[in-house]
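Structure at a glance
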Amino acid sequence: MALPHDSNKTSYLLPPSKEDWERQAIPDFVYGQKDLTAEGVQWPRNAPGTLHALPQSPFDAALCSAWRQRVELGLFRYRLRDLQTQILPGAVGFVAQLNVERGVQRRRPQTIRSVRQAFDPEQFNFNKIRPGEVLFCLRRAPDLPGTLLQEDILVVINVSPLEWGHVLLVPEPARDLPQRLLRGALRMGVEAVLLSLHPGFRVGFNSLGGLASVNHLHLHGYYLAHRLPVEHAPSAPLDPGGHLHLLQGLPAPGFLFYSRGPGPDLEALISRVCRATDYLTDHEIAHNLFVTRGAPPGKTSPSSALTGVRVILWARKSSFGIKEDPWPST
């Protein structure tokens, strides 16, 4: 039986003995409508680079405490230190970080030859990870739309982390799904952003040929305690209904989708985004997707409030073979 996340019987920590890790059932993190916060999460004016000083939701507390314990247990390929971070000069204000250990110690990426490549059980996949790498299983409560069609999502540490709290969201790994975005996976990725009270918790997806290094369906989630240009970049509408916008003011224009939060509007966004990614995949067009809190579409500024969720989709030139890695990947 799934326990609610505020139950004192639910622990997301591993037992002291390694022998007990495999025998311990994966704990459930069950969330409902009341746990999704669409408005009121903003960057502090005085210290936008602060991570641990900001309020935590139950989701933040569960993820961060379990992730921190896995650090202490040595389950990562390297111990993540404070990364050298700079805001690059110029009108855009890109955030640049140096993570030498990831470049040296991460797992060798798989060879990718097609955006529609089939799952290969002989290659590394998330059925082969150690039991201690799983933090918990994300499960939706019955009061959320689409629950009957839900996919349980394992929240797994990325053993080669880009940043603090870097996890992988893996839908039912035993189904052996290839790296093609599905509605249930995107829905829970967007809802993970709404579960966090930190404005810098983001979720991303890389297609095959778009720098994904493991062909087993997964999304990335991680904390980056800095504002990003995509949160407030202006956009122009591409359809009469205002459902699809072209992101402007950045070197790489992308398709912008926006929702104010849970409900029919969010369900419609998920359907539109997945229709777009299905088209790109079917036509062998690689793509990257990014989910962040952000300002509504239109004319915006760096001071615009984060009133909802932005989903940005970039179509890109495919990169096949073994990749070089400047982007979040497994």
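Since the model is a prediction, treat every value here as computed from it, not as a measurement.

1. So, the side chain of H216
Relative to the assigned elements, H216 resides in the loop between β7 (201-206) and β8 (219-223). Residue class for H216 comes out buried when judged on its relative accessible area of 1%. A polar contact of 3.0 Å, which involves the side chain of H216, links it to the backbone oxygen of P173. Leaving out residues up to four positions away in the same chain, H216 has contacts with F119, N125, F126, N127, P173, D176, L177, P178 and Q179.

2. A word on the nonpolar core
Ranked by size, the top nonpolar core spans 55 residues in total, and within it F136 and L138 carry the most contacts. Every residue in contact with L138, bar those within four places of it in the chain, is listed here: F29, Y31, F59, D152, I153, V155, M188 and L195. Of all hydrophobic cores here, the second largest spans 11 residues; its members include L247, L256, F290 and W314.

3. A look at helix α1 (residues 58-72)
Counting along an α-helix, one turn takes 3.6 residues, and residues three or four places apart therefore face a common direction. In this model α1 runs 21 Å from its N-terminal to its C-terminal C-alpha over 15 residues, within 8% of the 21 Å that 1.5 Å per residue would give. Among the residues of α1, those classed as buried are F59, D60, A62, L63, C64, A66, W67, Q69, R70 and V71. Looking at the residues trailing α1, positive phi occurs at G74, about 75 degrees.

4. Regarding a nonpolar patch on the surface
On the surface, a nonpolar cluster with roughly 280 Å² of combined accessible area is contributed by L98, V100 and V104. Classification of V104 as exposed rests on a relative accessible area of 64%.

5. Focus on the pattern of salt bridges
Going through the model one piece at a time under the given rule, you end up with 14 salt bridges. Of the charged contacts in the structure, one is a salt bridge between D35 and K34, with a shortest N-O distance of 3.4 Å. For R175, the salt bridge identified is with E172, shortest N-O distance 3.7 Å. For E172, a relative accessible area of 27% translates into the label partly exposed. Residues joined by salt bridges that share partners form a network here, namely R180, R183, D278 and D282.

6. A short note on the side chain of S160
Summarising the element assignment, S160 is placed in the loop between β5 (153-157) and β6 (167-171). Those residues within four positions of S160 in sequence are excluded, and the remaining contacts are R77, Y78, R102, Q105, R106, R107 and H166.

7. Things to note about the sheet that holds strand β4 (residues 134-140)
Adjacent strands of a sheet pair through backbone hydrogen bonds, lying either parallel or antiparallel. What the 11 strands build is an open sheet, ordered β1-β4-β5-β6-β8-β7-β12-β13-β11-β10-β9; its pairing is mixed. The two strands at the open ends of the sheet, each matched to only one other strand, are β1 (28-31) and β9 (235-237). The sheet shows a mean angle of 25 degrees between the axes of neighbouring strands, taken without regard to direction. Bridging between β6 and β8 involves 3 bridges; their strand directions are antiparallel. Its bridge partner lying in β8, V167 is registered against G221. Its contacts with the sheet place helix α4 (residues 264-282) against β11 (255-259), β12 (286-294) and β13 (308-316), and it is angled at close to 160 degrees to β11.

8. Focus on helix α3 (residues 183-195)
Taking 1.5 Å of rise per residue, the 13 residues of α3 would be expected to cover 18 Å, and the 18 Å separating its terminal C-alpha atoms lies within 8% of that figure. For α3, the tally of buried residues reaches 12 of 13 residues, placing the bulk of the element in the interior. Every buried residue belonging to α3 is among G184, A185, L186, R187, M188, G189, V190, E191, A192, V193, L194 and L195, and all of these are buried.

9. Considering the pairing of β12
A regular strand carries its side chains on alternate faces of the sheet. By the criterion of burial, β12 is predominantly enclosed, with 9 of the 9 residues buried. Of the two faces of β12, the one carrying A286, N288, F290, T292 and G294 and the one carrying H287, L289, V291 and R293 are both buried. For β7 and β12, the ladder comprises 4 bridges, and the chain directions are antiparallel. By the bridge assignment, V203 is partnered in β12 with V291.

10. Topic: the state of the cysteines
Under the defined criterion, the tally for this structure stands at 0 disulfides. For C137, which is in no disulfide, the shortest distance to another cysteine sulfur is to C64 and amounts to 19 Å.

11. Topic: the environment of N288
Within the secondary structure, N288 sits in strand β12. The spatial distance from the C-alpha of N288 to the C-alpha of G209 is 9.6 Å, given a sequence separation of 79 residues. At a separation of 2.9 Å, a polar atom in the side chain of N288 contacts the side chain of N206.

12. Here's the deal with the packing of aromatic side chains
Two measures describe an aromatic ring pair: the distance that separates the ring centres and the angle between the ring planes. One pass over the structure, following the stated rule, counts 10 aromatic pairs. Centroid distance F29 to F136: 5.6 Å. Interplanar angle 35 degrees. Geometry classified as tilted. Here F29, found in strand β1, pairs with F136, found in strand β4; they are 107 residues apart in sequence, far enough to count as distant. Ring-pair connections join several aromatic residues into one group, and the members of that group are Y12, F29, F59, F136, F201 and Y223.

Here is what the cut-offs are and how they apply
- Residues numbered from 1 in each chain as written.
- Predicted model: local features only at pLDDT ≥ 70, side-chain atom pairs only at ≥ 80, totals over all residues.
- Heavy atoms only, no water.
- Helix = DSSP H or I, 4+ residues; strand = E, 2+ residues; numbered from the N terminus.
- Buried < 20%, exposed > 50% of the residue type's maximum accessible area, 1.4 Å probe, protein only.
- Polar contact = N/O pair within 3.5 Å; in protein donor to acceptor, adjacent residues only side chain to side chain.
- Contact = heavy atoms within 4.5 Å.
- Core = buried A, V, L, I, M, F, W, Y, C linked by side-chain atoms within 4.5 Å.
- Expected span 1.5 Å × (residues − 1).
- Patch = residues over 30% accessible without salt bridge, like charges linked within 9 Å, V, L, I, M, F, W, Y side chains within 5 Å.
- Areas by Shrake-Rupley, 256 points an atom, 1.4 Å probe, with all protein chains shown as cover.
- Salt bridge = Lys/Arg side-chain N within 4 Å of Asp/Glu carboxyl O.
- Pairing = 2+ DSSP bridges.
- Axes fitted to C-alpha atoms, helices over the stretch in contact; angles between N-to-C directions.
- Disulfide = S-S within 2.5 Å.
- Phe/Tyr/Trp six-rings, centres within 6.5 Å; stacked < 30°, edge-to-face > 60°.

From the geometry alone we can't say anything about function, so treat these as descriptive.
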